[in-house]
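Letter by letter, the chains look like this.
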Amino acid sequence: MPRPRLLACTAAAALFWGPGQADAGEKTRTGESSAQRLHRKGVHCMEEIERPECAIEHFEALMDERTEERELITDGLLRLIKLHEKAGDDDAVHAVMRRFWEAGRGKLRRGHLPYTTRFLPRDFDIVGAAYMQRMLAAPLAKRIPSELSEYVITCDEDRRKELEDLLLLRKAQTRAKLKNQSLQVALTEISAEERKQAAKRSKRAESRDKQRPRPPKPVFADGICATATAFGEPSPATWKRIAIGFHHGDWRRSAAVVELSGLAARISAGVAAGRLSPAGANTWTLVGRRYEDQAVQLASFELDELVIAPEALMREIAASHRSGKRSLAKEVDRLVAGVPVDTGFFAVATERAVHDLGFSGMSKGRRKLLELLLPHPEGVQIAGVVHEYFGLFMRMPTDTPVKAGMLVDIVRRMITSQADADEDTAENLRLLDVAQASDKRALLLGYVLSLGQIETMLLD
């Protein structure tokens, strides 16, 4: 082949493949979307040929794609965070974190919540959901100590106490090794510290209760485990998705909607064991369980979806379902729709809920002063993702961008001041970021933790 023609072909290939894309062993694939191709190339560069700069280039390009394949976006975003952190580029990490809410944003996707949640009462202004299988299948969940993950979700109180002892032992082993002391000394120190902290928490709670009576827990706080126990299960670990909702001013108005496979068989087992009692069409009562002088009921209005609610509230939800009209507030629905659909868990709260909870218990004068100084919140959205890292992202829409900018500056100074206090604090705050959205219409907070940081926080 003549040399000019060879050079032309080489240049054309370089333009087609782009930097780092014509690596040995890499093959093209037909039928891929642009987002899929960029993600695949980035993973190849990161994991197979170990070229960080190539991986960063492809994942950065992926962030610029407008696609409904949000799962690729989030995975690429977390990989970028890992790559930049490994390179020691904290500024780049923060820049990536700020793109969480908007990266890949195409047409808004629905499906964040089980279908039955649309029939929750209109006054429910705080709603959230957790995708159990998505989180439990994450690489991070598989790498953390098994007793820790079990402790978080178990409903067996005896087993929980055993796990507490195991975690105490693991914590003591870590300290003994770090301080070059005996295991018994470490156990004694940690036990004394935990008793002291428990006493402080009890004293603060007592003082708080005197000033303002503590509201009752929402029904799902105990109702989820009570339901799992009624099914003969030690935890909700096999459930697909758990959604919760309640009214911020009256937690007695609360309910949960669970999505799980084989619901009919589980209910039959609960009835046969005497732990569930039929209470009408597609409705059952948790035997021996009361909530604020009401029976706690389970109902199934859709296939493999279960509602947990107090008896009076269940009648409201059933009536809404019979009408076929959505009753969940539009403001809640709008906030939910703005959350990336591939999160591990999320929660939203309306403007009124954020305002009342944020300023509750304050004197009128102090509240007025803070309302004057702080940005006006138009609700809040919180999203958590679990992969090799744990990421927590918060977005607070606001119509006062100047105040929001001032608050960001103040919080950043506070973070810097705390980080300067000692090395451990600096490490824990290194991947914490507070910023304004690019359009200045929202406050953003992002916090990312690696497995090592999580273990340090829990076991040191």
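The structure under discussion appears in the preceding block.
Reference entry: report on the structure contained in this document. None of the values given here were measured: they were computed from a predicted structure.

Here we take up the pairing of strand β1 (residues 126-131). Within β1, six of the six residues are buried, leaving the element largely enclosed by the surrounding structure. Both faces of β1 are covered, namely the face carrying I126, G128 and A130 and the face carrying V127, A129 and Y131. Pairing of β1 with strand β2 (residues 241-247) involves six bridges; the strand directions are antiparallel. In the sheet register, A129 faces β2, and the bridge partner there is A243.

So, on to empty space enclosed by the protein. According to the stated counting rule, one finds four cavities of 30 Å³ or more in the structure shown. One number sums up the size of the second largest cavity: a volume of about 50 Å³. As for the second largest cavity, its lining consists of M97, R98, W101, F393, D433, L444, L445 and G446. Per-element tally for the lining of the second largest cavity: the top contributor is strand β12 (residues 442-449), with three residues.

Moving on to the nonpolar core. Membership of the largest hydrophobic core comes to 58 residues, with the highest contact counts inside it found for F59, L77, I81, I317, F346, V348 and F393. With near-sequence residues (within four places) excluded, F346 lies in contact with H112, L113, V127, G128, A129, Y131, V336, V339, I382 and A383. Listed in part, the 30 residues of the second largest apolar core include I126, F246, A256 and L263.

Moving on to the side chain of T74. With respect to the helices and strands, T74 occurs in helix α4 (residues 70-86). Residue classification places T74 among the buried residues on the basis of a relative accessible area of 6%.

We now examine the layout of surface pockets. Each pocket or cavity is described by its volume, and for the largest pocket that value is around 650 Å³. For the largest pocket, the lining is made up of 23 residues, of which M135, I144, S149, V152 and V386 are closest to its centre. In terms of residue count, the dominant contributor to the lining of the largest pocket is helix α8 (residues 146-153) (four residues). Of the residues contributing to the lining of the largest pocket, the split by class is 20 nonpolar, two polar and one charged.

A separate point is the packing of aromatic side chains. What the rule picks out here adds up to seven aromatic pairs. Taking the centre distance of 5.6 Å and the plane angle of 70 degrees together, the rings of F246 and W251 count as edge-to-face. Counting every residue linked through ring pairs, the aromatic cluster contains F100, W101 and F393. Across the ring face of F100, the terminal group of R70 is positioned such that the distance to the ring centre comes to 4.9 Å.

It is worth spelling out a positive patch on the surface at this point. Taken together, the side chains of K196, K200, R201, R204 and R208 make up a positively charged region of the molecular surface. With respect to the helices and strands, the residue K196 is situated in helix α10 (residues 183-211).

So, about the pairing of β12. Within β12, seven of the eight residues are buried, which leaves the element mostly enclosed by the surrounding structure. Where strand β11 (residues 432-436) folds back onto β12 in an antiparallel hairpin, the turn is made up of five residues, including K440, whose phi is positive at roughly 65 degrees.

Counting across every chain of the model gives 25 salt bridges. Overlapping salt bridges bring together R175, K179, E189 and E193 as one network.

In space, the twelve strands of this open sheet follow the order β4-β5-β6-β7-β3-β2-β1-β8-β9-β10-β12-β11, with antiparallel pairing throughout. One side of each edge strand has no neighbouring strand; the edge strands of this open sheet are β4 (276-278) and β11. Between one strand axis and the next, the sheet turns by 15 degrees as a mean value, whatever way the strands run. Sitting on the sheet, helix α13 (residues 311-323) touches β3 (250-259), β6 (294-302) and β7 (305-310), and the angle it makes with β6 is about 20 degrees.

The rules behind these values
- Residues numbered from 1 in each chain as written.
- Predicted model: local features only at pLDDT ≥ 70, side-chain atom pairs only at ≥ 80, totals over all residues.
- Heavy atoms only, no water.
- Buried < 20%, exposed > 50% of the residue type's maximum accessible area, 1.4 Å probe, protein only.
- Helix = DSSP H or I, 4+ residues; strand = E, 2+ residues; numbered from the N terminus.
- Pairing = 2+ DSSP bridges.
- 1 Å grid on protein atoms, 1.4 Å probe; cavity = no way out; pocket = protein on both sides within 12 Å on 5 of 7 lines; lining within 4 Å.
- Points joined across faces, edges and corners; volume = space filled by probe spheres on them.
- Core = buried A, V, L, I, M, F, W, Y, C linked by side-chain atoms within 4.5 Å.
- Contact = heavy atoms within 4.5 Å.
- Nonpolar A, V, L, I, M, F, W, Y, C, P; charged D, E, K, R; others polar.
- Phe/Tyr/Trp six-rings, centres within 6.5 Å; stacked < 30°, edge-to-face > 60°.
- Lys NZ or Arg CZ within 6 Å of the ring centre and 35° of its normal.
- Patch = residues over 30% accessible without salt bridge, like charges linked within 9 Å, V, L, I, M, F, W, Y side chains within 5 Å.
- Areas by Shrake-Rupley, 256 points an atom, 1.4 Å probe, with all protein chains shown as cover.
- Salt bridge = Lys/Arg side-chain N within 4 Å of Asp/Glu carboxyl O.
- Lys, Arg positive; Asp, Glu negative; His and termini not counted.
- Charge placed at Lys NZ, Arg CZ, Asp CG, Glu CD.
- Axes fitted to C-alpha atoms, helices over the stretch in contact; angles between N-to-C directions.

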